[in-house]
Each structure stands twice: as C-alpha cells, then as structure tokens.
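Fold and geometry: a report
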Amino acid sequence: MQIVIIGSGNVAYHIAKAFTLKGVPLVQIFGRNEGELKKISEELDVPYSSEHLEDADLYLICVSDNSVEDVSKLITKKDSLVAHTSGSLPKEILKGEYRKSSLYPLQTFSKSKELDYGKIPFFIEAENDKDKKLLSELASAVSEHVMESSHEKRKYIHLTAVFACNFVNHLFARAKEISDSQDIPFDYFLPLIDETVQKIHEIDPKKAQTGPAVRNDLRILELHEQLLKDESLEIYKTMNHSIQKMYEL
C-alpha cells in the first residue's frame, strides 16, 4: 500500500516517524513548508515535495483543523482512501470523490519530545468495513490500542483530551509564572506534578483530590486570592468553585 502524509507539523512528523520505525513505507511527505519537510525527509529518509502530490492508495491529512477542508481538495485520485487526523472534524469535511475516513491519534505532539508510539490510542472511522480493516491494521502496526469511534464519540474524546491535557498544561504555565515571580525554581514542583499524574494511574481522579478547596479551608483560599490578580485570580476562583461544587462543599 502506498501512503502519502500531508503536513509538516508535529502530528505529521510523529505519524511519519511512527510508521517508518515500524517499516511501513511512505511514498512522500507533502506540504507547504519546504524547510520543515526537508528536515523530516532527511531524518526519516522519506521523499518530500511542496509542489507535486504523488499518487497513493492512502493519504493522511495531518494539518490544522481549519486547513483540512482546503487541503483535502488537492487530492484528485478517485479510488484512494483519505483520512484526516482531527479529533473534532467529521470525515465528511473531506471534499473529494474518494473514500473518506479519519485516523485520530490521542496524544499531545511536539517534535522535540520522544514518544512511545505503542502506547498511543488510535481511533478510526471509515465508510465501509474494508476501509475500517485497512486503517485498523495500519494503526495496529504502530500501536497496541486501536478502536473504532464514531464522529459523535470522537468529539467527546477530543473534549476530554482538552480538559486532561491542554487545560492542565495551561495551569502548569500559570504556576510557572507565579514561581518565576518569586524566583522559585519550577523544577522544585516537578516531583509534585509527577506524583499527581502518577496517582491517577491507581486512584480515581475524584478520590485523589487534595487541597484547600476540597477541605473547604476558606482562610487559605482567601489568603491565596490576595496574592493573585488578573487572569490567574479568575482561574483560581473558577477552579476552586468547581472543586467545591463537585464535592458539595
């Protein structure tokens, strides 16, 4: 099966790397950013182009959500299978006379961060059983965790991921702002962060909750509010209110 990956960002890089490490051949990496394409090509030994899109049996569109529809129009091979990697978009966003599908990897991707691809869940959706089987076999060559998912369920998967990853990382960034403002090395907080994440491997997150809000320690909550301002103060109040509501305090 001939495969082309479209894109040059974090997702495109890691999908291409995951496949090449498992011996899944790629015909081409295609995109607009020639500089990034060249870097990926040199590292993974995969041909690239920013001008000519090669013929393939499967095209994987690994671009931002707001670019998927326009990029999908570049594919004109009618007997091909095309899959986007978005967590939120329906497969019908793809505009072409080809078979439409999605292959969503549930992970946060940065080019500089090594990943264990075998642990990344892949969620697949396609128009027929033959294409579901094809995508499942492809994803299974990389990952131990592959399952089918409708667009409706995938939207909730992505929403959960935003809460569990993007929001949490933003809180890390806000926490670092506070520690930096007091010349406290943020590295000192990494054991706490690591233990917090490790704990939910063994304990339900709701049962693992600690802190002044779950204890309803109003004195500490008020003290902390006095130390904050602007967005961080609003985040602090909103998070504590949510915790108190969850535990009916």
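That block above? That's the structure.
Scope of this entry: the structure provided in the associated data block. (Residues numbered from 1 in each chain as written. Predicted model: local features only at pLDDT ≥ 70, side-chain atom pairs only at ≥ 80, totals over all residues. Heavy atoms only, no water.)

Some thoughts on the overall build of the protein
Counting its regular elements, the protein contains 10 helices and 8 strands. For the C-alpha atoms alone, the extent of the protein along its principal axes is close to 65 × 35 × 30 Å. By sequence separation, contacts in the protein at least 24 residues apart represent 52% of the contacts at least 6 residues apart. When the accessible surface of the protein is split by element, carbon and sulfur atoms take 52% of a total near 15100 Å². Taken together, the 31 basic and 40 acidic charged side chains of the protein have centroids lying 3 Å from each other. (Helix = DSSP H or I, 4+ residues; strand = E, 2+ residues; numbered from the N terminus. Contact = heavy atoms within 4.5 Å. Areas by Shrake-Rupley, 256 points an atom, 1.4 Å probe, with all protein chains shown as cover. Lys, Arg positive; Asp, Glu negative; His and termini not counted. Charge placed at Lys NZ, Arg CZ, Asp CG, Glu CD.)

A short note on the nonpolar core
Membership of the largest hydrophobic core comes to 32 residues, with the highest contact counts inside it found for Ile5, Phe19 and Leu60. For this core, the secondary-structure elements that each account for two or more residues are strand 1 (3–6), helix 1 (10–21), helix 2 (34–44), strand 4 (58–61), strand 5 (81–84), strand 7 (122–126) and helix 4 (129–140). The greatest single-element share of this core, amounting to 6 residues, is contributed by helix 1. Counting residues in hydrophobic clusters, the runner-up holds 15 residues, among them Tyr59, Ile61, Val68 and Val71. (Core = buried A, V, L, I, M, F, W, Y, C linked by side-chain atoms within 4.5 Å. Buried < 20%, exposed > 50% of the residue type's maximum accessible area, 1.4 Å probe, protein only.)

Considerations on the side chain of Ser41
Relative to the elements of secondary structure, Ser41 occurs in helix 2. What makes Ser41 buried here is its relative accessible area of 12%. Residues in contact with Ser41, not counting those within four places in the same chain, are Val46, Pro47 and Tyr48.

Quick notes on the layout of surface pockets
Empty pockets left among the atoms are what a rolling probe the size of a water molecule brings to light. Reported here for the second largest pocket is a volume of approximately 220 Å³. Gly7, Gly31, Arg32, Val63 and Val71 are the residues nearest the centre of the second largest pocket, which is lined by 15 residues in total. In terms of residue class, the lining of the second largest pocket is made up of 6 nonpolar, 8 polar and 1 charged. (1 Å grid on protein atoms, 1.4 Å probe; cavity = no way out; pocket = protein on both sides within 12 Å on 5 of 7 lines; lining within 4 Å. Points joined across faces, edges and corners; volume = space filled by probe spheres on them. Nonpolar A, V, L, I, M, F, W, Y, C, P; charged D, E, K, R; others polar.)

Points about the sheet that holds strand 4
Taking strand neighbours across the sheet as the criterion, the 8 strands line up as 3-2-1-4-5-6-7-8 in an open arrangement whose pairing is mixed. In this open sheet, the two strands that pair with only one neighbour each are strand 3 (48–49) and strand 8 (146–148). Alignment of strand 6 (residues 99–105) against strand 7, held across 5 bridges, turns out to be antiparallel. Bridging from a neighbouring strand, Leu103 pairs with Ile124 of strand 7. Together, strand 1, strand 4, strand 5, strand 6, strand 7 and strand 8 form the strand contacts of helix 4, whose direction differs from that of strand 7 by roughly 160 degrees. (Pairing = 2+ DSSP bridges. Axes fitted to C-alpha atoms, helices over the stretch in contact; angles between N-to-C directions.)

Focus on a nonpolar patch on the surface
Judged by side-chain polarity, Tyr156, Leu159, Phe163 and Phe167 come together as a nonpolar surface patch covering roughly 450 Å² of accessible area. By secondary structure assignment, the location of Phe167 is in helix 5 (residues 151–181). With a relative accessible area of 43%, Phe167 lands in the partly exposed category. (Patch = residues over 30% accessible without salt bridge, like charges linked within 9 Å, V, L, I, M, F, W, Y side chains within 5 Å. Salt bridge = Lys/Arg side-chain N within 4 Å of Asp/Glu carboxyl O.)

A few points about the side chain of Asn240
Structurally, the position occupied by Asn240 is in helix 10 (residues 230–246). Overall, Asn240 belongs to the buried group, its relative accessible area being 10%. Residues contacting Asn240, with those up to four places away along its chain left out, are Ala213 and Leu221.

Points about unusual backbone geometry
Only a minority of non-glycine residues have a phi that is not negative, and only a minority of peptide bonds are not trans. Positive phi, close to 55 degrees, is recorded for Asp183, a residue that is not glycine. Assessed through its relative accessible area of 71%, Asp183 is described here as exposed.

Overview of the pattern of salt bridges
Here the structure, examined in full by the defined rule, presents 15 salt bridges. Where Lys91 meets Glu125, a salt bridge forms, and the shortest distance between an N and an O atom there is 3.3 Å. In this pair, Lys91 is assigned in the loop between strand 5 and strand 6 and Glu125 in strand 7, connecting sequence segments 34 residues apart. For Lys91, a relative accessible area of 11% puts it in the buried group. Here Lys155 makes a salt bridge to Glu152, at a shortest N to O gap of 3.2 Å. Here Glu152 and Lys155 lie together in helix 5, a separation of 3 residues that amounts to about one turn. For Glu152, a relative accessible area of 44% gives the class partly exposed. Here the salt bridges share partners, and the residues they tie into one network are Lys91, Glu92, Glu125 and Arg154.

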